[in-house]
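What follows is each chain in one-letter form.
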Amino acid sequence: MEEKHASAFVTVVGRPSAGKSTLMNIMCGQKVAIVSPVPQTTRNTIRGILTRPDCQLVFMDTPGLHDSDKAMNRRLRDLATRGLSDADLILYVVDTTRPPGKEEEAIAGLLTSFVGKTFAAVNKIDAPSSDIGKARLFLSEKLPGLRVFDLSAKTGTGVDALVDAMMAAAPEGPAYYPEEYYTDQEPVFRIAETIREKVFLHTRDEVPHAVYVDYVSHHMLDDGTLVYEGELIVERDTQKGIIIGKGGSMIRQIREEAEHDLEEIFPYPVRLSIKVRVDPNWKKDERLLKRLIQ
Ligand SMILES: Nc1nc2c(ncn2[C@@H]2O[C@H](COP(=O)(O)OP(=O)(O)OP(=O)(O)O)[C@@H](O)[C@H]2O)c(=O)[nH]1
Ligand SMILES: [Mg+2]
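These figures come from a predicted structure and were not determined experimentally.

**Let's talk about the overall build of the protein**
Item 1. Check the secondary structure of the protein and you find 9 helices and 9 strands.
Item 2. Taken against the 2.2 N^0.38 rule, which gives 19 Å for 294 residues, the C-alpha radius of gyration of the protein at 20 Å falls within 12% of a compact globule.
Item 3. Each principal axis of the C-alpha atoms in the protein carries an extent, and together these give about 55 × 50 × 40 Å.
Item 4. Within the protein, the proportion of its 294 residues that are buried is 50%.

**Focus on the coordination of the magnesium ion (ligand 2)**
Item 1. Every protein donor of the magnesium ion (ligand 2) is accounted for by Ser21 (OG) and Thr42 (OG1), and the metal-donor separations fall at 1.9 to 2.2 Å. Of this pair, Ser21 sits in helix H1 (residues 20-28) while Thr42 sits in the loop between H1 and strand S2 (46-52), and the two are 21 residues apart along the sequence. Just as Ser21 is buried, Thr42 falls in that class too.

**Considerations on the nonpolar core**
It is characteristic of soluble globular proteins that their nonpolar side chains tend to be buried jointly.
Item 1. Judged by nonpolar contacts, the single largest core of 31 residues is most densely connected at Leu23, Met27, Leu57, Phe59, Leu91, Leu162 and Met166.
Item 2. Contributing elements (two or more residues each) for this core: strand S1 (6-14), H1, S2, strand S3 (55-61), strand S4 (89-95), strand S5 (118-123) and helix H5 (159-169).
Item 3. The dominant element in this core, judged by the number of residues it contributes, is H5, at 5 residues.
Item 4. Listed in part, the 22 residues of the second largest apolar core include Met250, Ala258, Leu262 and Phe266.

**Thoughts on the sheet that holds strand S6 (residues 147-150)**
Item 1. The 6 strands lie next to each other as S2-S3-S1-S4-S5-S6, forming an open sheet whose pairing is mixed. In the strand order of this sheet, the two ends are held by S2 and S6, each with one partner. Across the sheet, the mean angle separating the axes of adjacent strands is 25° when strand polarity is ignored.
Item 2. On the sheet, H1 packs against S1, S2, S3, S4 and S5 and is oriented at approximately 30° with respect to S2.

**Regarding the site of ligand 1**
Item 1. Neighbouring ligand 1 are 23 residues; Lys20, Thr22, Gln40, Thr41 and Asp126 lie closest to it.
Item 2. Contacts to ligand 1 include Gln40, whose backbone N or O atom sits 2.6 Å from an oxygen atom.
Item 3. Within the backbone of Ala153, a nitrogen or oxygen atom sits 2.9 Å from an oxygen atom of ligand 1.
Item 4. Calculation on ligand 1 without its partners gives an accessible area of 660 Å², and the protein chains cover 90% of this total.
Item 5. No other element matches H1, which puts 3 residues into the shell around ligand 1.
Item 6. A class-by-class count of the residues in the shell around ligand 1 yields 7 nonpolar, 11 polar and 5 charged.

**With respect to the domain arrangement of the protein**
Item 1. In terms of domain boundaries, the protein breaks down into domain 1 (6-169) and domain 2 (187-292).
Item 2. Contacts between domain 1 and domain 2 engage 18 residues on the former and 19 residues on the latter.
Item 3. Summed over both partners, the interface of domain 1 with domain 2 comes to about 1500 Å²; 53% of that surface belongs to carbon and sulfur atoms.
Item 4. It is Ile34, Arg43 and Arg75 in domain 1 that bury the most area against domain 2; as a group they hold 37% of the surface buried on that side.
Item 5. Where domain 1 packs against domain 2, one counts 1 salt bridge.

**A few points about unusual backbone geometry**
Item 1. Within the chain, Gln40 stands out as a residue other than glycine whose phi angle is a positive 70°.
Item 2. Relative to the helices and strands, Gln40 is located in the loop between H1 and S2.
Item 3. One non-glycine residue with positive phi stands out, namely Asp205, at about 50°.
Item 4. In this fold, Asp205 is placed in the loop between helix H6 (187-202) and strand S7 (212-220).

**As for helix H3 (residues 102-111)**
Item 1. Every buried residue belonging to H3 is among Glu103, Glu104, Ile107, Ala108 and Leu111, and all of these are buried. Down the axis of H3, the sector holding all buried residues measures 135°, keeping them to one side.
Item 2. In this fold, the buried residues of H3 make contact with S1, helix H2 (71-86), S4 and helix H4 (132-142).

**Observations concerning the packing of aromatic side chains**
Item 1. Per the counting criterion, the structure on display carries 6 aromatic pairs.
Item 2. A ring pair is formed by Phe9 and Tyr176, whose centres lie 4.8 Å apart and whose planes are at 40°; its orientation type is tilted. Linking Phe9 in strand S1 with Tyr176 in the loop between H5 and H6, this pair joins segments that are 167 residues apart in sequence.
Item 3. Using a relative accessible area of 42% as the deciding quantity, one classes Tyr176 as partly exposed.
Item 4. Seen in terms of ring centroids, Tyr212 and Trp282 are 4.7 Å apart; in terms of plane orientation they differ by 55°. Their pairing is tilted.

**Examining the pattern of salt bridges**
Item 1. Enumeration according to the criterion identifies 15 salt bridges in this entry.
Item 2. Two residues, Glu197 and Lys31, come together in a salt bridge whose shortest N-O distance is 2.5 Å. Here Glu197 is found in helix H6, whereas its partner Lys31 is found in the loop between H1 and S2, with 166 residues between them in sequence.
Item 3. Glu206 is the salt-bridge partner of Arg236, the closest N and O atoms lying 3.4 Å from each other. Of the two residues, Arg236 sits in the loop between strand S8 (226-234) and helix H7 (237-244) while Glu206 sits in the loop between H6 and S7, which places them 30 residues apart along the sequence.
Item 4. Looking at Arg236, the relative accessible area reads 43%, which means it is partly exposed.
Item 5. Residue Glu206 is classed as partly exposed on the basis of its relative accessible area, which comes to 35%.

Conventions we followed
Residues numbered from 1 in each chain as written. Chains lettered and ligands numbered in written order. Predicted model: local features only at pLDDT ≥ 70, side-chain atom pairs only at ≥ 80, totals over all residues. Heavy atoms only, no water. Helix = DSSP H or I, 4+ residues; strand = E, 2+ residues; numbered from the N terminus. Rg over C-alpha atoms; globule rule 2.2 N^0.38 Å. Buried < 20%, exposed > 50% of the residue type's maximum accessible area, 1.4 Å probe, protein only. Donors = N, O, S within 2.8 Å, 3.2 Å for Na, K, Ca; no water. Core = buried A, V, L, I, M, F, W, Y, C linked by side-chain atoms within 4.5 Å. Pairing = 2+ DSSP bridges. Axes fitted to C-alpha atoms, helices over the stretch in contact; angles between N-to-C directions. Contact = heavy atoms within 4.5 Å. Near = heavy atom within 4 Å. Polar contact = N/O pair within 3.5 Å; in protein donor to acceptor, adjacent residues only side chain to side chain. Areas by Shrake-Rupley, 256 points an atom, 1.4 Å probe, with all protein chains shown as cover. Nonpolar A, V, L, I, M, F, W, Y, C, P; charged D, E, K, R; others polar. Domains from an automatic or database assignment. Buried area = accessible area lost by both parts, 1.4 Å probe. Salt bridge = Lys/Arg side-chain N within 4 Å of Asp/Glu carboxyl O. Arc of directions from axis to C-beta. Phe/Tyr/Trp six-rings, centres within 6.5 Å; stacked < 30°, edge-to-face > 60°.

Structure representation (structure tokens):
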């Protein structure tokens with residue numbers, strides 16, 4: 001008789017900065033999605049894949065659910081909610097370092113009809129300000145019967161128990177990806193994301209959210225180096241100044257750190273050529289947003 005194989009598409013949801021991407025990365029054993037302390041780091045649904053001999057989980061890391069009506073936030077929210085009904089399982093990440101407010105209630109509200117296929121990760125239990133009791137109370141009131149796991153996506157504590165439980169709940173099904181895959185992102189997308197992560201890590205206030213990375217071209221050199229040419233688009237001249245930095249110091253740091261990280265991701269060296277350009281209206285351009293956020 002053939003061995004039974006299970007698989008599940010798992011949509012990961014939660015507030016901005018709850019630790020969704022960090023958790024997906026640690027479960028997949030690789031850095032699949034970029035991470036930063038700035039809320040709304042993730043802008044696309046990013047797939048991360050965890051394969052064991054008898055089960056494959058395909059995580060869909062979504063942008064944090066945030067209440068706002070601006071065109072970009074609307075698109076991000078649509079993207080996250082679309083994944084709920086389609087998913088085999090849902091992983092709801094709750095940040096125990098912040099009290100659950102209106103935003104958390106709105107997300108819990110979206111999940112009420114999916115309790116049977118939802119797992120909650122009560123995250124950041126390593127942090128001194130973590131209040132596990134408050135998060136658990138919130139969940140038991142809003143979503144009674146939910147399976148809840150206390151964990152730290154940062155240290156890994158408690159993550160295995162969650163993974164085992166999700167695997168046990170996965171329906172029978174094939175492996176959708178070969179076992180060596182841990183993501184399905186195109187190389188040029190991962191390069192753009194890595195550059196964007198460095199902007200998120202090194203700039204503050206409105207600058208991270210004013211940025212997107214546009215692909216221009218790429219080619220392979222004879223020595224096997226991939227040369228990627230891209231544009232960092234900002235909304236204002238002042239932001240351009242910040243991104244470039246004194247004597248080009250900021251853009252150099254962004255480039256060097258991104259090149260360093262990309263060395264871990266790809267089997268060949270990547271050299272980046274990044275220009276900074278101002279486009280005051282990019283966030284209102286629905287067609288561009290459609291292309292960028294999918
Ligand atoms: N102390 C602690 N920090 C964590 C933990 N998990 C995530 N973080 C931090 O929380 C911040 C946000 O993490 P992300 O993984 O980017 O959060 P996200 O939910 O993907 O955020 P968006 O993409 O913006 O929706 C980062 O600074 C992480 O390092 C954790 O278990 N413990
Ligand atoms: Mg994220």
